[in-house]
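Chains, contacts and geometry: an overview
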Amino acid sequence: MTTTATASSTRVFNFSAGPAVLPEPVLRQAQGDLWDIADSGIGIMEHSHRGPVFDAVINETVATCRELAGISDDYDILFLQGGASSQFFMVPMNFLTPEATGDYLNTGSWSKKAIKEAKLFGNVHVAGSSDEGNFNYIPTGEQISWSANPRYVHMTSNNTIAGTQYASEPVVPSGVPLINDASSDIFSRPVDVSKYGMIYCGAQKNLGPSGVTLVIIRKDLVASGAEGLPTMLQYRTHASKDSMFNTPPAFGIYTMGLVLKWIRDFGGLSAMAEYNEAKAAIIYDFLDESEFFYGTAETNSRSLMNITFRGKTEELEKQFIAEAGARGLRTLKGHRSVGGMRASIYNAFPEAGCGALVEFMNEFQWAHG
Ligand SMILES: *Cc1c(COP(=O)(O)O)cnc(C)c1O
């Protein structure tokens, strides 16, 4: 580990679920490059995407991504627009037909949205669901049953709203591509990309600003996609032009490149995972001891990225969120669909912020317990 994430004195602890905190060295670098990148006399947002400066930027972003996660040449790395939400329809539009079935693991609000879109293009088999448990756990083992011949399996590795996360990949039927919406835990821990047909994410939680969607997709899957779709909605269009069929989300790709280098310089995905585990443990250990606050996710399904918890009463939760905000512990309010509190502690969130949160929780529970 060569870098430590720190909070400067002028910035608050930002627990936002997304867009979310970015590494400080990345923001500092971007400040300079907005004015003039690589001594070109032109800022990053003002460069043609067909010129040598941006060429270097996108090539480095792809190379760093491959290096970080050990992604082989069997996969394309694409930068698309429309958010992770557009992948909810683009996946079934490319890979489902009215005769085919996509198997979906339903682990929260985002999975549900993906399922809704898939039904527009083909059959959906919900192979496992924690809907009846308020999505507070990840279905495993006998809680999962695949359809006879799924075209693909779709999962959501980290459930941003419910605060749950897969401990490891589900074992899917042999030969069936596993497609993962990793929007809120991409590159937060080591990943064996070869287990997946496709991984996608909106960048704004762990990788950069909103407006760019990273898609890591196996080349044979790209080639197998439906033809006759609008050009922009086929993966092959973007794969064959290295994401430059049209103007790509240039600033997002640039920033993602910086974030990926920051993770690499941090020590890579294993070091990142160790750091994320340590941060989450600070808060979970406290929750496990507390008689005032409690975590809402089942212990073995807990997310290391989004920690969801409740207090004694809704009244006190409101007061807690307000007082925390006044102390520079910001955006702790839980998603409106679940209530309570949520501490989002993505890669770039500093460990000191977890300590500060626990310190305040302790104070608050003594005052109101
Ligand atoms: C935030 C989020 C999305 C939505 O991403 P957009 O880029 O806003 O479309 C989808 N899936 C998960 C798991 C998310 O956390």
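Predicted model, so just to flag it, every value in this text is computed and none were measured. (Residues numbered from 1 in each chain as written. Predicted model: local features only at pLDDT ≥ 70, side-chain atom pairs only at ≥ 80, totals over all residues. Heavy atoms only, no water.)

Details of unusual backbone geometry
Here the bond from Gly-18 into Pro-19 is cis, since omega is -10°, no more than 30 degrees from zero. Looking at where Pro-19 falls in the secondary structure, it is placed in the loop between β1 (13-14) and α1 (24-35). Phi at Asn-134 takes a positive value of approximately 55°, unusual for a residue other than glycine. Position of Asn-134 relative to the elements: it lies in the loop between β4 (123-129) and β5 (152-156). Under the relative-accessibility criterion, Asn-134 is labelled exposed at 65%. (Helix = DSSP H or I, 4+ residues; strand = E, 2+ residues; numbered from the N terminus. Buried < 20%, exposed > 50% of the residue type's maximum accessible area, 1.4 Å probe, protein only.)

What to know about empty space enclosed by the protein
Left-over empty space is what a probe sized like a water molecule reveals as it rolls over the atoms. Enumeration according to the criterion identifies two cavities of 30 Å³ or more in this entry. Looking at the largest cavity, its volume works out to about 50 Å³. What lines the largest cavity is Val-21, Leu-22, Pro-23, Lys-205, Asn-206, Leu-207, Gly-208, Val-259, Trp-262, Tyr-346, Asn-347 and Ala-348. Of the residues in the lining of the largest cavity, the class split is eight nonpolar, three polar and one charged. By volume, the second largest cavity amounts to about 30 Å³. Gln-165, Ser-188, Arg-189, Asn-276, Leu-304 and Met-305 together form the lining of the second largest cavity. Per-class residue counts for the lining of the second largest cavity are two nonpolar, three polar and one charged. (1 Å grid on protein atoms, 1.4 Å probe; cavity = no way out; pocket = protein on both sides within 12 Å on 5 of 7 lines; lining within 4 Å. Points joined across faces, edges and corners; volume = space filled by probe spheres on them. Nonpolar A, V, L, I, M, F, W, Y, C, P; charged D, E, K, R; others polar.)

Description of helix α9 (residues 314-326)
Between its terminal C-alpha atoms α9 stretches 19 Å, which fits the 18 Å expected from 13 residues at 1.5 Å a residue. Inspection of α9 places Leu-316, Glu-317, Phe-320, Ala-324 and Gly-325 among the buried residues, and these make up the whole buried set. Looking at the buried residues of α9, the elements they touch are β12 (306-310), β13 (329-330), β14 (341-344) and α10 (351-368). Gly-328, located one to two residues past α9, shows a positive phi value of around 90°. (Expected span 1.5 Å × (residues − 1). Contact = heavy atoms within 4.5 Å.)

Side note on the pairing of strand β8 (residues 178-181)
Residues Leu-178 and Asn-180 line one face of β8 and the alternating positions Ile-179 and Asp-181 line the opposite face, and both faces are buried. Pairing between β5 and β8: four bridges, direction parallel. By the bridge assignment for β8, Val-153 is matched with Leu-178. Note that β8 and strand β9 (residues 198-202) share three bridges and pair parallel. (Pairing = 2+ DSSP bridges.)

Details of the confidence of the model for the chain
Of all residues in the chain, 98% attain a pLDDT of 70 or more, and the chain-wide mean is 96. In this model residues 1-5 is a low-confidence stretch, pLDDT under 50, and it forms 13 contacts with partners more than four residues away in sequence or in other chains. (pLDDT = per-residue confidence, 0-100.)

A short note on the layout of surface pockets
One number sums up the size of the largest pocket: a volume of about 280 Å³. By residue number, the principal contributor to the lining of the largest pocket is helix α3 (residues 83-95), which donates three residues. Of the residues contributing to the lining of the largest pocket, the split by class is six nonpolar, eleven polar and three charged.

Looking at the environment of Asp-39
Residue position: Asp-39 is located in the loop between α1 and α2 (52-69). Given a relative accessible area of 76%, Asp-39 falls into the exposed group. Each C-alpha atom of the pair Asp-39 and Val-53 lies 9.9 Å from the other, and the pair is 14 residues apart in sequence.

Points about the state of the cysteines
Tallied over the entire structure, the rule returns zero disulfides. In this model Cys-201 remains outside any disulfide bridge; the closest cysteine sulfur is found in Cys-65, 8.5 Å from its own. By relative accessible area, which is 0% here, Cys-201 ends up buried. (Disulfide = S-S within 2.5 Å.)

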